[in-house]
Amino acid sequence: MTRFDPPKNLAHDLPQAPYLFVEHELVLGASSPYRCHPGDHRSFIVIGGRVRVESRHVDGSGHREYGYLRGWHAEPGATYRFAQVGVEPAVVVEAGSTTGPVHESWDVPVSPTTAAHCRDVDSYRVDKPWGHEVWYTNNLGDIPYALKQIHMTAGHQSSLQSHQQKVETNYVVDGQATVLNGTLAPGDTDAVIDTDALPRAVHARRSGWSSPANVLHRVIAESDYTSVEVSTPELDDVIRWADDTNRGNGRIEVEHVGARV
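The structure presented is a predicted model; accordingly, all values stated were derived computationally and were not measured.

Definitions and limits used
Sequence order as written defines residue numbering, which begins from 1 separately in each chain. Under the rules for a predicted model, residues below a pLDDT of 70 receive no local features and side-chain atom pairs below 80 are neither given nor counted, while totals for whole chains, interfaces and linings still include all residues. Only hydrogens and water are removed before side-chain values are computed, so all heavy atoms of the structure are retained for them. One bridge is not enough; two strands pair if DSSP finds at least two bridges between them. Secondary structure elements are taken from DSSP: a helix is a run of H or I of four residues or more, a strand is a run of E of two residues or more, and numbering for both begins at the N terminus. Axes here mean lines fitted to C-alpha atoms, for a helix over just the part in contact, with angles spanning 0 to 180 degrees between N-to-C directions. Here the term cavity refers to a set of points on a 1 Å grid, laid over the protein atoms alone, in which a 1.4 Å probe fits but cannot get out; the term pocket refers to an open set having protein on both sides within 12 Å along at least five of seven lines, with lining residues being those that place an atom within 4 Å of a point. Grid points are joined across faces, edges and corners, and a volume is the space filled by probe spheres set on the points. Throughout, the ten residues Ala, Val, Leu, Ile, Met, Phe, Trp, Tyr, Cys and Pro are labelled nonpolar, Asp, Glu, Lys and Arg are labelled charged, and all others, Gly among them, are labelled polar. Centres within 6.5 Å make a pair out of two Phe, Tyr or Trp rings, where for Trp the six-membered ring is used; the pair is then stacked when the planes are under 30 degrees apart, edge-to-face when over 60, and tilted otherwise. Think of it in three bands: with a 1.4 Å probe and only protein chains considered, a residue is buried below 20% of the maximum accessible area for its type, exposed above 50%, and partly exposed in between.

### Examining the sheet that holds strand E15 (residues 131-135)
Then comes step 1: Taken together, the six strands give an open sheet; going across it, the order is E14-E15-E16-E23-E18-E21, and neighbouring strands pair in antiparallel fashion. This sheet does not close on itself; its edge strands, each paired only once, are strand E14 (124-128) and strand E21 (208-211). Going from strand to strand, the sheet's axes swing by 20° on average, the running direction of each strand aside.
Then comes step 2: Here strand E18 (residues 168-174) pairs with E21 via four bridges, running antiparallel. Among the inter-strand pairings, Asn170 is bridged to a residue of E21, identified as Trp209.

This is the structure we're talking about:
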């Protein structure tokens with residue numbers, strides 16, 4: 001198979017990113033090497049084309065295919081590779097922890113010695129006033145990152161928010177949005193924010209941005225809009241400075257009642 005180019009770093013605007021977030025572009029016939037990362041979880045989402053994952057387990061090999069906005073987790077110690085299939089080039093985003101090395105080989109590896117494997121990402125869906133989220137890493141338990149799909153319908157906007165600890169990076173999969181981002185949040189949580197004074201930029205497919213802790217940000221959907229977001233794991237850490245439906249701070253429990261899997 002054709003070898004693919006080095007990945008594109010999607011968290012390049014963070015001086016010290018607390019997670020890995022990269023994009024792999026696979027031309028027709030391209031494949032990754034076999035990979036194994038003994039100390040790290042990794043999660044992959046297909047944002048273009050179709051991909052086959054070839055994973056090697058102690059009980060034999062396993063192959064699965066993934067299309068648009070679906071993907072897989074590779075557990076620590078799993079041995080696997082992924083390849084473009086079908087008639088279109090493929091694009092895959094990869095997120096995860098970076099505590100240890102990644103071993104790669106273009107040769108077929110020896111049989112693995114652990115029970116680690118690759119499995120589907122979660123489909124846990126949380127409906128929002130502006131659209132919905134899919135919490136891809138909801139089935140991984142206690143890991144140092146979170147991966148979501150964010151879908152917003154045209155004409156809607158997220159709350160104007162900040163996080164005390166959480167750091168996040170968004171990458172646009174489809175559509176276009178105006179993003180307010182980059183101003184430090186006030187120390188007074190009762191302060192009124194002049195949104196017209198906040199820095200703003202337009203982001204379209206395959207562009208993105210990061211929001212460090214304590215930075216104000218908001219997404220305004222100019223069209224139906226979908227992104228993939230990786231963050232540190234503090235998902236309940238939300239201060240809402242303005243919200244079209246007057247939601248308060250933190251996790252909104254009613255949004256999780258009957259959440260779809």
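Picking up after the structure, the text goes on.
### Re the environment of Gly141
Then comes step 1: Mapped onto the secondary structure, Gly141 falls in the loop between E15 and strand E16 (146-152).
Then comes step 2: In this structure, the C-alpha to C-alpha distance between Gly141 and Ala197, residues 56 residues apart in sequence, is 40 Å.

### Remarks on the layout of surface pockets
Then comes step 1: Of the volumes computed, that of the largest pocket is approximately 210 Å³.
Then comes step 2: Along the walls of the largest pocket sit 14 residues, with Thr137, Gly141, Ala146, Pro233 and Leu235 positioned nearest its centre.
Then comes step 3: In terms of residues, the lining of the largest pocket owes the most to one element, E16, which gives three residues.
Then comes step 4: Residue composition of the lining of the largest pocket, by class: nine nonpolar, three polar and two charged.
Then comes step 5: Roughly 170 Å³ of volume is contained in the second largest pocket.
Then comes step 6: If you go around the second largest pocket, the residues you meet are Phe4, Asp5, Pro6, Pro7, Leu20, Val22, His24, Pro33, Arg35, Glu94 and Glu104.
Then comes step 7: Here the lining of the second largest pocket takes three residues from strand E3 (residues 20-26), the largest share from any one element.
Then comes step 8: Here the residues of the lining of the second largest pocket sort into six nonpolar, one polar and four charged.

### A closer look at the packing of aromatic side chains
A ring pair, where both rings are aromatic, is described by two values, the distance of the centres and the angle of the planes.
Then comes step 1: The tally for this structure, following the rule as stated, stands at six aromatic pairs.
Then comes step 2: Pairing Phe44 with Phe82 gives two aromatic rings, centres 5.4 Å apart and planes at 55°, and the pair type is tilted. Of this pair, Phe44 sits in strand E6 (residues 42-48) while Phe82 sits in strand E10 (residues 79-85), placing them 38 residues apart in sequence.
Then comes step 3: The class for Phe44 is buried, based on a relative accessible area of 0%.
Then comes step 4: The exposure class of Phe82 is buried, given its relative accessible area of 0%.

### Thoughts on empty space enclosed by the protein
Then comes step 1: For the coordinates displayed, the defined rule picks out one cavity of 30 Å³ or more.
Then comes step 2: For the largest cavity, the calculated volume is near 390 Å³.
Then comes step 3: Around the largest cavity sit 32 residues that line it, and Trp130, Glu133, Lys148, Gln161 and Lys166 are the ones nearest its centre.
Then comes step 4: Every element with two or more residues in the lining of the largest cavity is listed here: E15, E16, E18, E21, strand E22 (215-221) and strand E23 (225-231).
Then comes step 5: Looking at the lining of the largest cavity, its residues break down into ten nonpolar, ten polar and twelve charged.

By themselves, these figures tell us nothing about what the structure is for.
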